[in-house]
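Inside the fold
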Amino acid sequence: MAAATRRANFSLQAEAEMRAVGLEPLEPCPGTLAPWESRHLACGRVVFPVHHLAKHGRGVCRQCSGSPLVEPHEAVARLTVLGFKPLEPYPGRMQAVWRMQCITCDTVVTKALQGAGGCRRCRPFGTNHALPALVYLLHHPRWGAVKVGTPTWGPHGLPITGVTAGW
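Owing to the predicted nature of the structure, the values given are computational and were not obtained by experimental measurement.

Conventions and cut-offs
- Each chain has its residues counted from 1, running along the sequence as written.
- In keeping with the model being predicted, local features are shown solely for residues with a pLDDT of at least 70 and side-chain atom pairs are shown and tallied solely at 80 or more, while totals for entire chains, interfaces and linings include all residues.
- Based on all heavy atoms of the structure, the side-chain values leave hydrogens and waters out of the count.
- Paired strands are those between which DSSP finds at least two bridges.
- A helix here means a DSSP run of H or I that spans at least four residues, while a strand means a run of E at least two residues long, and both kinds are numbered starting from the N terminus.
- Each axis is a line fitted through C-alpha atoms, taken for helices only over the stretch in contact, and angles between the N-to-C directions span 0 to 180 degrees.
- In what follows, a contact means two residues having at least one pair of non-hydrogen atoms within 4.5 Å.
- Any carboxyl oxygen of Asp or Glu that lies within 4 Å of a side-chain nitrogen of Lys or Arg is treated as forming a salt bridge with it.
- Summary of the burial criterion: residues with accessible area below 20% of their type's maximum are buried, those above 50% are exposed, and those between are partly exposed, where the area comes from a 1.4 Å probe applied to protein chains only.

Turning our eyes to something else, we now look at the sheet that holds strand β6 (residues 108-112). Taken together, the three strands give an open sheet; going across it, the order is β4-β5-β6, and neighbouring strands pair in antiparallel fashion. Every interior strand has two partners, whereas the edge strands, β4 (84-86) and β6, have only one. Neighbour-to-neighbour, the strand axes of this sheet turn through a mean angle of 45°, independent of strand direction. Relative to strand β5 (residues 97-102), β4 is paired through three bridges, and the arrangement is antiparallel. Pairing of F84 across the sheet is with C102, part of β5. Sheet contacts for helix α4 (residues 72-81): β4 and β5; angle to β4, the most-contacted strand, approximately 150°.

Bridge analysis of β5 against β6 gives five bridges, and the strand direction is antiparallel. Across the sheet, the residue bridging to M100 is V109, located in β6. Taking the residues between adjacent antiparallel strands as the criterion, β5 and β6 are bridged by five residues, where D106 takes a positive phi near 65°.

Let us look at the pattern of salt bridges. A side chain of one charge can pair with a side chain of the opposite charge when the charged atoms of the two come close. Overall, the coordinates contain two salt bridges when judged by the stated rule. Across the salt bridge formed by R19 and E15, the nearest N and O atoms sit 3.8 Å from each other. Highlighted residues: R19 and E15, both in helix α1 (residues 2-20), separated by four residues, approximately one helical turn. For R19, a relative accessible area of 40% translates into the label partly exposed. Taking the relative accessible area as the measure of exposure, E15 reaches 22% and is therefore partly exposed. Taking the shortest distance from any N to any O, the salt bridge between E24 and R19 comes out at 3.1 Å.

What follows concerns unusual backbone geometry. Non-glycine residue D106 carries a positive phi angle of around 65°. Looking at the element boundaries, D106 is found in the loop between β5 and β6. Judged by relative accessible area, D106 falls into the partly exposed class, the value being 48%.

This part is about the environment of F84. For F84, the location among the structural elements is in strand β4. Assessed through its relative accessible area of 1%, F84 is described here as buried. Sequence-wise, F84 and V109 are 25 residues apart; in three dimensions their C-alpha atoms are separated by 9.3 Å. Once residues within four sequence positions are removed from consideration, F84 is found in contact with L79, M100, Q101, C102, I103, V109, K111, G117, G118 and C119.

This part takes up the environment of L137. Its location among the elements puts L137 in strand β7 (residues 136-140). Looking at L137, the relative accessible area reads 61%, which means it is exposed. Spatially, the C-alpha atom of L137 lies 6.8 Å from that of G149, the residues being 12 residues apart in sequence. In this structure, L137 is in contact with V146, K147 and V148, ignoring residues within four places of it in sequence.

On to the sheet that holds strand β2 (residues 38-40), then. Spatially, β1-β2-β3 is the arrangement adopted by the three strands of the open sheet, whose pairing is antiparallel. Strands with a single pairing partner mark the edges of an open sheet, and in this sheet they are β1 (23-25) and β3 (46-47). Strand direction decides the pairing type here: β2 and β3, joined by two bridges, are antiparallel. The residue bridging R39 from the neighbouring strand is V46, located in β3. Those strands touched by α1 are β1 and β2, and its axis lies near 150° from that of β1.

Pasting the structure below:
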């Protein structure tokens, strides 16, 4: 009985704290660490802040805070510019991983939209995974060590292995 009373008192207090920062809860309090469906009274958007942050005025509404909020159609447009097509719906956050497929080489990748670049397999710079590679293996009998690597390429198209320091 005492636990139910504490829970009810906490819910009432949490609702009051949400209203104090301009949020109208749209569902019962899910707990202090869970996203809580609410309406931001300043802009009318439905938001999902976490109570323990919102009661201090943090994480109330991304749209009003000035942090980037990307709508699903904008996210798909950004993905298309990068050369990908989505294989599942936009997860709602730029930091969340998203399954996508390269339009050029059909490679399926899972990565976040934030900081995403083009396809690693078919981009015109960096390592081209479709081409054969040169790998070297060096053995140093005195040190009892083995070194494996891939060379960088010199200005005349010849490999520079980086063999120094007694190798």
